[in-house]
Amino acid sequence: RRVFCLEHRSSHGCASGSQDTTCVVCPLCGCAVKHVAGESIHVTFDRHATTTCDPSLHPTKKARCPVKGCKEKLTTVNAFTCKDC
């Protein structure tokens, strides 16, 4: 699995780059929390905070996009993880 910035997610040569999801970044652990359609974002976040949130997982160093010449720092908001390559 490779991780790309949002600009390069659809141009990295793989068919699965067109997915789109809405998420929020947990300020405690830095994980992306996928927003469930039709549900309040507060309910979604509360469920994450009480089940899978682990503040010790908060990243300290930001990864960068692997495309040559791209210096974009990857965060949970602007990163795309390709499940096919």
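Further up the page is the structure itself.
What you see is a predicted model, and the numbers here were worked out from it, not measured in a lab.

A. Molecular detail of the pattern of salt bridges. What the rule picks out here adds up to one salt bridge. Where E39 meets R47, a salt bridge forms, and the shortest distance between an N and an O atom there is 2.8 Å. The class of E39 is partly exposed, set by a relative accessible area of 22%. Classification of R47 as partly exposed rests on a relative accessible area of 39%.

B. Inspection of the side chain of H48 at higher detail. For H48, the location among the structural elements is in helix α1 (residues 41-51). Taking the relative accessible area as the measure of exposure, H48 reaches 9% and is therefore buried. For H48, the contacting residues outside a window of four places in its chain are C26, C29, C31, V33 and C53.

C. Focus on a positive patch on the surface. On the surface, a cluster of positive charge is contributed by K61, K62, R64, K71 and K73. Relative to the elements of secondary structure, K62 occurs in the loop between α1 and β4 (63-64).

D. Layout of the side chain of T44. Within the secondary structure, T44 sits in helix α1. Of the residues examined, T44 reaches a relative accessible area of 4% and is grouped as buried. Engagement of the side chain of T44 in a polar contact is seen with the side chain of E39, the distance being 2.5 Å. For T44, the residues in contact, after removing those within four places along its chain, are V33, K34, H35, V36 and E39.

Parameters at a glance
- Residues numbered from 1 in each chain as written.
- Predicted model: local features only at pLDDT ≥ 70, side-chain atom pairs only at ≥ 80, totals over all residues.
- Heavy atoms only, no water.
- Salt bridge = Lys/Arg side-chain N within 4 Å of Asp/Glu carboxyl O.
- Buried < 20%, exposed > 50% of the residue type's maximum accessible area, 1.4 Å probe, protein only.
- Helix = DSSP H or I, 4+ residues; strand = E, 2+ residues; numbered from the N terminus.
- Contact = heavy atoms within 4.5 Å.
- Patch = residues over 30% accessible without salt bridge, like charges linked within 9 Å, V, L, I, M, F, W, Y side chains within 5 Å.
- Areas by Shrake-Rupley, 256 points an atom, 1.4 Å probe, with all protein chains shown as cover.
- Lys, Arg positive; Asp, Glu negative; His and termini not counted.
- Charge placed at Lys NZ, Arg CZ, Asp CG, Glu CD.
- Polar contact = N/O pair within 3.5 Å; in protein donor to acceptor, adjacent residues only side chain to side chain.

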